[in-house]
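Topology and contacts: notes
Listed here are the chains, written in short residue letters.
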Number of protein chains: 2
Amino acid sequence: MKNWEKYIRKVEPYVPGEQPENTDVVKLNTNENPYPPSPKAYEAARDFDFDRLRLYPDPEAGVLTEEIARRYNMSSDRIFVGVGSDDVISMCFMTFFNSDKPVLFPDISYSFYSVWAELHRVKYEQVSLDENFNIIPESFYRENGGIIFPNPNAPTALYMELEKVEDIIRHNQDSIVIIDEAYIDFGGKSAIEFVDKYDNVLVVQTFSKSRSMAGIRIGYAFGSPALIRALNDVKFSFNSYTMNAYSLVCGSAAMADEEYFNECVAKIIKTRENAKSELTRLGFEFPDSKANFIFAAHRSVPAAYLFEELKKRGIYVRYFNKPRIDNYLRISVGTDDQMKKLFYALEEIIDGCNSGLKA
Amino acid sequence: MKNWEKYIRKVEPYVPGEQPENTDVVKLNTNENPYPPSPKAYEAARDFDFDRLRLYPDPEAGVLTEEIARRYNMSSDRIFVGVGSDDVISMCFMTFFNSDKPVLFPDISYSFYSVWAELHRVKYEQVSLDENFNIIPESFYRENGGIIFPNPNAPTALYMELEKVEDIIRHNQDSIVIIDEAYIDFGGKSAIEFVDKYDNVLVVQTFSKSRSMAGIRIGYAFGSPALIRALNDVKFSFNSYTMNAYSLVCGSAAMADEEYFNECVAKIIKTRENAKSELTRLGFEFPDSKANFIFAAHRSVPAAYLFEELKKRGIYVRYFNKPRIDNYLRISVGTDDQMKKLFYALEEIIDGCNSGLKA
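All values reported here derive from a predicted model rather than from experimental measurement.

This part takes up the overall build of chain A. Along chain A, the regular secondary structure elements total 11 helices and 13 strands. Over its C-alpha trace chain A gives a radius of gyration of 21 Å, about what one expects of a compact globule, namely 21 Å for 359 residues. In terms of overall dimensions, chain A has a C-alpha envelope of 65 × 55 × 50 Å along the principal axes. Counting the 359 residues in chain A, one finds 52% classified as buried. The long-range fraction of contacts in chain A, counting pairs at least 24 apart against all pairs at least 6 apart in sequence, stands at 72%.

Right under this line is the structure:
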């Protein structure tokens, strides 16, 4: 071993959901939106002055921040933007989680929280969900160096009512509390109102799900001006120009197109509710989803088997081989047509198993 | 003070060069390229399938990595890409600089090196340049936890011959040596050949200067497959999707257009060489530049004064109020027309001073 090899950081690489080259695949594995981005964003892209790419982008991302401010009726000094909500949350860990007490988050949750904690050398403890995967607010009533949880939670899709969210905040006035709302637009109610009420709260959202723009990499956070200033100071201190000029322009146009946004979200919710009936009919059980995916376990056929069989049929869903959730599939809500293909394939696979059992 | 305020990370925010809204300004303050991006990149942008923005981008940035590989005649497992070279270098600090010994870099150099060292809690020592701002290779012949320097150096624009670069590498086989070549294409010779020869060397380049695409945010590093794998592992472990789909497509097309690249670079070099004569005529002294900027001090008129007077005339250059360099202006090389305006304004300001002195 060479000397410098000793000092290479050891990490556990994340394995993202597969991005198959084959476009015939029914892709229900990464919670992307099945509908294209807003036509208004497309117009902005078409009109984008390409030559300005020779210049550095606006480091303050003004055009985007102001559009988000307008849309959410908030002053722009309460808004921070980053390269996807992963970037925003990682920046939050770096900026706010510097105490010796452990940061708390649910034991079944977005897998990157522990990664960022380790990356930024932050102590953390994972708080147990109840047996139905619900977050127990009381489990967060103890000394900590910060709190983060998704609402709806991932990969369970379970939404927590705002009163409970506020309970957690109220009991943690000495910590920064981050609510990761990547999936909030699919039927939940945002905690954004608490940003005005409590100066220790951050609410994080993203363009990757409800806004159909996972490929553009934009996430944003709402918080008190003091918190937003701290985030910007840290960001500016080490990489001032993260968001490219094109993303700023297209993102801003997409944010302004509320009508298209509402249409897409309504379609996805409708498809999801129908999927719940179909999955129940097929023998699945699942926590009630308020996200754009369903976290489902079949009563008799193991998830790992379903996952592989679906893949053979060109249908990609997500499977996590981890304790307590290793019999679940995370199924993104696609178009009605994609979902029909899924149900048909599931029926075939499950029938095959059942007749195999009888034989 | 609230309890959580105590745990907010303290940083010194970087103040980037001004990005004036007024497009009439002669902008020679951030070393951008005065020429637009490659027309081939524009075509790729025009043909970009906007709808695919609903999907996550390829986390491996394949299309771009492969084009860079082709252009530099290297295998793609020797190439890492990131969101600007700032992102690439910050990732290098995080990945490779984890020993207890100090990382070494020049005392007058890119200001972000110390910022990243502090960010990632890495010890560092700044090594003195000689009295003419040259890097002294021997000053790097001692125990260290890693080495980084720009070639040409910033903000001096001074290029170090490759034999000296290799001397530094040869004396530091126990460390990772990073050569930051943001400005290499303007007349220097790249250390890329050492990537094959030494497995502890990384060479970092960017799309922001010679490739006219500061607004797209792409940087890249060449290194041995082991180093590139380590960088990718760290990157994937905490943010898999950093480079957006549009940047990948346009960046790849720009990289392929070698003819346009060579034309632009030749024009800038010609303008720079002419600027050297003009600045000498006007009474400036400067280290010989092999970059797209000139770091110049006037024999009688203070830089701070010139900076302010130029700004009044709508001409932006960069001024650093720091020890040893506080009488220098960093002047980006613009178009011939922009430079003419600069010389005219400088002449006016300097004449005004001289006649003031005589009166």
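In this section: the sheet that holds strand β9 (residues 284-285) of chain B. All names here are of chain B. Here four strands make up an open sheet; going across it, the order is β9-β10-β13-β12 and the pairing antiparallel. Edge strands, defined here as strands with exactly one partner in the open sheet, are β9 and β12 (318-319). Relative to strand β13 (residues 329-332), β12 is paired through two bridges, and the arrangement is antiparallel. Paired with Tyr319 across the strands is Leu329, a residue of β13.

Moving on, we come to the packing of helix α2 (residues 62-72) of chain A against helix α8 (residues 245-256) of chain A. Relative orientation and spacing of two packed helices are given, respectively, by the angle between their axes and the distance between those axes. All names here are of chain A. One way to put it is that α2 packs onto α8 with a least axis distance of 8 Å and a crossing angle of 10°. Relative to α8, the element α2 lies roughly parallel. Facing α2, whose interface residues are Val63, Leu64, Glu67, Ile68 and Arg71, α8 presents Leu248, Val249, Gly251, Ser252, Met255 and Ala256. The residue makeup of the contact of α2 with α8, split by class, is seven nonpolar, two polar and two charged.

Residues and elements named next belong to chain A. Summarising the element assignment, Arg211 is placed in the loop between β7 (201-206) and β8 (219-222). Distance from Arg211 to Ile349, taken between C-alpha atoms, is 33 Å for residues 138 residues apart in sequence. Arg211 has contacts with Ala254 and Phe261, leaving out every residue within four places of it along the chain.

Residues and elements named next belong to chain A. The assigned domain composition of chain A is domain 1 (3-30 + 259-358) and domain 2 (39-256). Contact residues are listed per partner, giving 20 residues for domain 1 and 21 residues for domain 2. Only α9 (258-281) and β10 (293-298) provide two or more residues apiece to the side of domain 1 that touches domain 2. When residues in the side of domain 1 that touches domain 2 are grouped by element, the largest group, six residues, is from α9.

With that settled, consider the interface of chain A and chain B. Taken together, the contacts link 68 residues of chain A with 68 residues of chain B. Looking at the side of chain A that touches chain B, the elements with two or more residues in it are α1 (39-47), α3 (84-96), α4 (112-119), α7 (225-238) and α8 of chain A. A per-element tally of the side of chain A that touches chain B places α3(A) first, with seven residues. Class assignment of the residues belonging to the side of chain A that touches chain B gives a composition of 36 nonpolar, 20 polar and 12 charged.

Here we take up the nonpolar core. Most often, soluble globular proteins have nonpolar side chains that are buried together. In terms of nonpolar packing, the biggest core is built from 234 residues, with A:Cys92, A:Leu202, A:Ala221, B:Cys92, B:Leu202 and B:Ala221 touching the most fellow members. Not counting residues within four places of it along the chain, the set of residues in contact with A:Ala221 comprises A:Phe80, A:Val88, A:Cys92, A:Leu202, A:Val203, A:Val204 and A:Leu231.

With that settled, the discussion passes to the relation of the copies chain A and chain B. Expressed as a screw operation, the relation of chain A to chain B combines 0.0 Å of axial shift with a rotation of 180°, fitting to an RMSD of 0.0 Å. What we have between these two chains is a two-fold relation. For chain A, the smallest separation between a C-alpha atom and the rotation axis is recorded for A:Arg46, amounting to 3.7 Å. Taken as a fraction of all interface residues of chain A, those also at the interface in chain B reach 100%, which identifies the copy contact as same-surface.

Attention now goes to the sheet that holds strand β3 (residues 103-106) of chain B. Residue and element names in this part refer to chain B. Strand order in the open sheet formed by seven strands is β2-β8-β7-β6-β5-β3-β4, and the pairing between neighbours is mixed. The sheet terminates laterally at β2 (79-82) and β4 (124-127), the two strands that pair on one side only. Across the sheet, the mean angle separating the axes of adjacent strands is 20° when strand polarity is ignored. In this sheet, strand β8 (residues 219-222) lies alongside β2 in antiparallel orientation, the contact comprising four bridges. Bridging from a neighbouring strand, Phe80 pairs with Ala221 of β8.

Attention now moves to the environment of A:Val317. All names here are of chain A. With respect to the helices, strands and loops of the structure, Val317 is situated in the loop between β11 (315-316) and β12 (318-319). Considered as a pair, Val317 and Leu28 are 289 residues apart in the sequence and their alpha carbons are 4.9 Å apart. Filtering out sequence-adjacent residues up to four positions away, Val317 remains in contact with Leu28, Asn29, Phe307, Leu310, Leu329, Arg330 and Ile331.

Right, let's get into helix α4 (residues 112-119) of chain B. Counting buried positions along α4(B) gives six out of eight residues, so the element sits mostly inside the fold. For α4(B), the elements touching its buried residues are α7 of chain A together with α3 (84-96), β3, β4 and β5 (146-150) of chain B. B:Arg121 sits one or two residues past α4(B) and shows a positive phi near 55°.

In this section: α7(A). Three- or four-residue spacings in an α-helix give side chains the same orientation, since the helix completes a turn every 3.6 residues. Between its first and last C-alpha, α7(A) extends 20 Å over 14 residues, near the 20 Å set by a 1.5 Å rise per residue. Among all positions of α7(A), only A:Leu227, A:Ile228, A:Ala230, A:Leu231, A:Asn232, A:Val234, A:Lys235 and A:Phe238 are buried. Against the buried residues of α7(A) lie β2 (79-82), α3, β7 and β8 of chain A together with α3 and α4 of chain B.

On to unusual backbone geometry, then. Keep in mind that most residues, glycine aside, have a negative phi and that most peptide bonds are trans. Residues and elements named next belong to chain A. A cis amide bond, omega -10°, links Asn151 with the succeeding residue Pro152. In this structure, Pro155 follows Ala154 across a cis peptide bond, with omega equal to 0°. With respect to the secondary-structure elements, Pro155 resides in the loop between β5 (147-150) and α5 (162-170). Positive phi values are uncommon outside glycine, yet Phe133 reaches one of about 70°.

Our focus in this paragraph is the pairing of β5(B). All names here are of chain B. The buried count for β5 comes to five of five residues, which makes it a mostly enclosed element. The pairing of β3 with β5 spans two bridges and is parallel. What sits directly across from Val103, in β5, is Gly146. Two elements, β5 and strand β6 (residues 177-180), share four bridges in a ladder whose sense is parallel. Bridging from a neighbouring strand, Ile147 pairs with Val177 of β6. Crossover connection from β5 via helix α5 (residues 162-170) to parallel β6: handedness right-handed.

Scoring rules and cut-offs
- Residues numbered from 1 in each chain as written.
- Chains lettered and ligands numbered in written order.
- Predicted model: local features only at pLDDT ≥ 70, side-chain atom pairs only at ≥ 80, totals over all residues.
- Helix = DSSP H or I, 4+ residues; strand = E, 2+ residues; numbered from the N terminus.
- Rg over C-alpha atoms; globule rule 2.2 N^0.38 Å.
- Buried ≥ 20, exposed ≤ 12 C-beta atoms within 10 Å, placed from the backbone.
- Contact = placed C-beta atoms within 7 Å.
- Pairing = 2+ DSSP bridges.
- Axes fitted to C-alpha atoms, helices over the stretch in contact; angles between N-to-C directions.
- Parallel < 35°, antiparallel > 145°, perpendicular 65-115°, else oblique.
- Nonpolar A, V, L, I, M, F, W, Y, C, P; charged D, E, K, R; others polar.
- Domains from an automatic or database assignment.
- Core = buried A, V, L, I, M, F, W, Y, C linked by C-beta atoms within 7 Å.
- Least-squares fit on C-alpha atoms with pLDDT ≥ 70 in both.
- Expected span 1.5 Å × (residues − 1).
- Right-handed = clockwise from strand over helix to strand, strands pointing away.

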